[in-house]
Amino acid sequence: MTRVDPRIEAAASRRLAADEDRITGQARRRESLSLRGAWREFWRHPSPPMITAALAVALTGRVLVGTGSAWELLVPATLLALFPLIEWVVHVVVLHWRPRRLGPLTLDSHLAREHRAHHADPRDLPLVFIPWRALLWLLPAFALAGLVLAPTGSWAWTFLVSSYAIMLGYEWTHYLVHSDYRPRSRWYRAVWRNHRLHHYKNEHYWFAVVTAGTADRVLGTYPEPGSVESSPTVRTLHATERA
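Sequence order as written defines residue numbering, which begins from 1 separately in each chain. pLDDT decides what is reported in this predicted model: residues at 70 or higher carry local features, side-chain atom pairs at 80 or more are listed and counted, and totals for whole chains, interfaces and linings draw on all residues regardless. The side-chain numbers reported here are obtained from all heavy atoms of the structure, hydrogens and water having been left aside.

Participant: Please explain unusual backbone geometry as it appears in this structure.
Facilitator: Only a minority of non-glycine residues have a phi that is not negative, and only a minority of peptide bonds are not trans. For Trp206, which is not glycine, the phi torsion reads 55° and is therefore positive. The helix count covers DSSP runs of H or I at least four residues long, the strand count covers runs of E at least two residues long, and both are numbered beginning at the N terminus. Tracing the backbone through its elements, the reader meets Trp206 in the loop between α8 (186-200) and α9 (214-219). What makes Trp206 buried here is its relative accessible area of 1%. For each residue, the accessible area found with a 1.4 Å probe, counting protein chains only, is set against the maximum for its type, and the residue is called buried under 20%, exposed over 50%, and partly exposed in between.

This is the structure we're talking about:
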């Protein structure tokens, strides 16, 4: 077996890294950020404390209702299994909503407007998080859904604990991808690369945010980056349609 010259291998690795930096925008990093530094920065934004407070209430409620059925484990298992599809649908349908005219009215949501601002400047960290004004109704909406859909109180609290924990995990991963923390694990590097391709290459693909492209692969939005042209509206969502 022929051994590759280490210098050639190192040069090839540098070229590959430079190309990925160009595609994903990582070449514009502000500075290297440690995981500890990212964690401290994460808690300076309104969304994480708000979700954590809701999670703490849900955990307290779940403890107070006492022992439930082992079948309740189906709740977090089902939510985790469905989450790749859920985040894909929310990203495509809600966040990438095209403003529509209905007579004198413009149908547009606060979440969609904030997401367009996020695409315009992916490095503006406050825009990375779920808007705190949206959380004022979104967190109670989950509580109402739990009360209406769950068969018992313990199932409802289990649903809330699971939902808020997943929401907090979503916020942390999405923030980390947009921060200057360098990916290390294979899984996180895949998540990091896919989401940056969505922001810097083409907004019509790679809709997964905190999963490694699971739903994208199933639903046909996970092409090879080299086969996709760079979109002129990746920073200005729906600019062509508005024009």
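Participant: Teacher, can you tell me more about the pattern of salt bridges here?
Facilitator: A side chain with one charge can pair with a side chain of the opposite charge if their charged atoms come near. We count a salt bridge whenever a side-chain nitrogen from Lys or Arg sits within 4 Å of a carboxyl oxygen from Asp or Glu. Scanning all chains against the criterion turns up 4 salt bridges. Glu72 is paired through a salt bridge with Arg62; the nearest N and O atoms lie 3.1 Å apart. Taken together, the residues span a long stretch of sequence, with Glu72 in the loop between α3 (47-64) and α4 (74-95) and Arg62 in helix α3 at a distance of 10 residues. Asp108 is the salt-bridge partner of Arg116, the closest N and O atoms lying 2.4 Å from each other. The buried category is assigned to Arg116, whose relative accessible area is 15%.

Participant: Help me out: how do you make sense of helix α6 (residues 132-149) in this one?
Facilitator: For an α-helix, 3.6 residues make a turn, and residues three or four places apart therefore share a direction. Given a helix with a known number of residues, its expected span is that number minus one, times 1.5 Å. With 18 residues, α6 should cover 26 Å at 1.5 Å per step; its first-to-last C-alpha distance of 25 Å lies within 8% of that length. Listed in full, the buried residues belonging to α6 are Ala134, Leu135, Leu138, Leu139 and Gly146. The arc enclosing the buried residues of α6, seen along the axis, measures out at 120°, which places them on a common side. Looking at α6, the residues exposed on the side facing more than 90 degrees away from the buried face are Arg133, Leu136, Leu144, Leu147 and Val148. Any pair of residues with heavy atoms lying within 4.5 Å of one another is described as a contacting pair. Next to the buried residues of α6 lie α3, α5 (110-120) and α7 (153-178). In this description, one arc is meant: the one made by directions from the helix axis to the C-beta atoms.

Participant: Explain the side chain of His45 to me, please; I cannot follow it from the model alone.
Facilitator: Checked against the element boundaries, His45 lands in the loop between α2 (35-42) and α3. For His45, a relative accessible area of 9% corresponds to the buried category.

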